[in-house]
Amino acid sequence: MEMYHKGLGFKYLLDTKYFRDRPVKDDLGFLPPPPADKSYFNAPKHALPEPDLELQHSLWECLKNRRSIRRYSDTPITRKELSNLVWATQGVTEKIGHHLLRTAPSAGALYPFETYLYLNNVEGFEKGLYHLHVASFSLEELKKGDFSKELAEAALGQRMVARAGVVFLWSAVPLRCMAKYRNRGIRYIFLDLGHLCQNLQLAATALGLGSCPIGAFFDDELNELLELDGIEESIVYLNPVGKLS
Ligand SMILES: Cc1cc2nc3c(=O)[nH]c(=O)nc-3n(C[C@H](O)[C@H](O)[C@H](O)COP(=O)(O)O)c2cc1C
């Protein structure tokens, strides 16, 4: 067997395969499903405007033109643009029972992640860290202030993070998914977030904005900034968006 097959990453993939002739076995015991979503009840809330769904760019043009863009100008992102970006990632498009179905699919409609936003240069918003409350399509204000430097440093010094109008930060909440899918559920978190990120990139392209996925960062520096424990909830993916320079 190749040496790299024995490493943690490969072992995870092999141990979480489904087989027709074997039931899934693990030693996790009963996993109680946690709350389906998160709300900072006491935080000031900022409702986002209705997104503009009449943009003229076709899906095909956006697919063709999408690129990871790392340079942004100082021009602020408008509230409407912010609304379109957020809606593209997590807009609620249908309610079925207690499920809030959204623009992006999620395994078992469990949505095992949360969306945080660093608003750095958005019209009508003070700089700071916010949390998306999906059901009300509003932003919960967590901390006001300029965190560009801390965020860019946490992202291994990638300067686009400090230059962006808005930085999307997505956390994983593993238990939401693991309560149903056990260890295999971890796979689904990353698959789910891939959908959000692609929606965001296509929406940014349609709006003439630049964006770039980021997987390289010091995890716990971001967790500390957002006051996440890094275990039950941990940042796993970033995506800055800004006006083209
Ligand atoms: C999971 C993932 C993580 C990435 N992390 C980074 C990153 O940390 N820094 C960066 O500059 N680009 C990052 N990228 C962007 C890739 O470098 C980019 O998608 C690739 O070069 C292809 O270019 P394109 O997106 O313009 O087609 C990441 C992309 C993905 C999908």
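First, a word on scope: everything that follows refers to the structure included in this document. (Residues numbered from 1 in each chain as written. Predicted model: local features only at pLDDT ≥ 70, side-chain atom pairs only at ≥ 80, totals over all residues. Heavy atoms only, no water.)

1. Focus on the packing of aromatic side chains
For step 1, the next point in the chain: Overall, the coordinates contain seven aromatic pairs when judged by the stated rule.
For step 2, the next point in the chain: Residues Tyr 111 and Phe 113 carry aromatic rings whose centres are separated by 6.3 Å and whose planes lie at 85 degrees to one another, so their mutual orientation is edge-to-face. There is no split in this pair, since Tyr 111 and Phe 113 are both buried.
For step 3, the next point in the chain: Ring centres of Phe 168 and Trp 170 lie 5.8 Å apart, and the angle between their planes is 45 degrees; on these two criteria the pair is classed as tilted. Assigned by exposure class, Phe 168 and Trp 170 land together as buried.
For step 4, the next point in the chain: Taken together, the ring pairs connect Phe 168, Trp 170 and Tyr 237 into an aromatic cluster. (Phe/Tyr/Trp six-rings, centres within 6.5 Å; stacked < 30°, edge-to-face > 60°. Buried < 20%, exposed > 50% of the residue type's maximum accessible area, 1.4 Å probe, protein only.)

2. Quick look at the packing of helix α3 (residues 79-90) against helix α7 (residues 185-206)
For step 1, the next point in the chain: Close contact between α3 and α7 brings their axes to 8 Å; oriented N to C, the two are set at 150 degrees. Judged on the interaxial angle alone, α7 and α3 are roughly antiparallel. Considering only the axes of α3 and α7, their crossing is right-handed. In this structure, α3 uses Leu 85, Ala 88, Thr 89 and Gln 90 to contact α7, whose residues at the interface are Leu 196, Asn 199, Leu 200, Ala 203 and Ala 204. (Axes fitted to C-alpha atoms, helices over the stretch in contact; angles between N-to-C directions. Helix = DSSP H or I, 4+ residues; strand = E, 2+ residues; numbered from the N terminus. Parallel < 35°, antiparallel > 145°, perpendicular 65-115°, else oblique. Left-handed = near helix turned anticlockwise from the far one by under 90°. Contact = heavy atoms within 4.5 Å.)

3. Digging into the pattern of salt bridges
For step 1, the next point in the chain: Taken as a whole and judged by the stated rule, the model has 11 salt bridges.
For step 2, the next point in the chain: Taking the shortest distance from any N to any O, the salt bridge between Glu 227 and Lys 143 comes out at 3.6 Å. With Glu 227 in the loop between α8 (219-226) and β9 (234-243) and Lys 143 in strand β6 (residues 138-144), this pair connects stretches of sequence that are 84 residues apart.
For step 3, the next point in the chain: When its relative accessible area of 63% is taken as the criterion, Glu 227 is described as exposed.
For step 4, the next point in the chain: Residue classification places Lys 143 among the partly exposed positions, given a relative accessible area of 25%.
For step 5, the next point in the chain: With a shortest N-O distance of 3.4 Å, Glu 153 and Lys 149 are connected by a salt bridge. Placement of both Glu 153 and Lys 149 in helix α4 (residues 148-154) is noted, with a separation of four residues, approximately one turn of the helix.
For step 6, the next point in the chain: Relative accessible area serves as the criterion here: at 46%, Glu 153 is assigned to the partly exposed category.
For step 7, the next point in the chain: Among the charged side chains, a network of salt bridges with common partners joins Glu 126, Glu 141 and Lys 144. (Salt bridge = Lys/Arg side-chain N within 4 Å of Asp/Glu carboxyl O.)

4. Remarks on the nonpolar core
For soluble globular proteins, the rule of thumb is that nonpolar side chains tend to be buried together.
For step 1, the next point in the chain: By size, the foremost hydrophobic cluster in this structure holds 36 residues, and its most contacted members are Leu 82, Leu 85, Leu 119, Leu 139, Val 166, Phe 168 and Val 241.
For step 2, the next point in the chain: Going through the elements one at a time, α3, β4 (113-119), β5 (128-133), β7 (166-172), α6 (174-181) and α7 are the ones with two or more residues in this core.
For step 3, the next point in the chain: Looking at this core element by element, the count peaks at eight residues for α7.
For step 4, the next point in the chain: In contact with Leu 85, not counting residues within four places along its chain, are Val 166, Phe 168, Leu 200, Ala 203, Ala 204, Leu 207, Leu 209 and Val 241. (Core = buried A, V, L, I, M, F, W, Y, C linked by side-chain atoms within 4.5 Å.)

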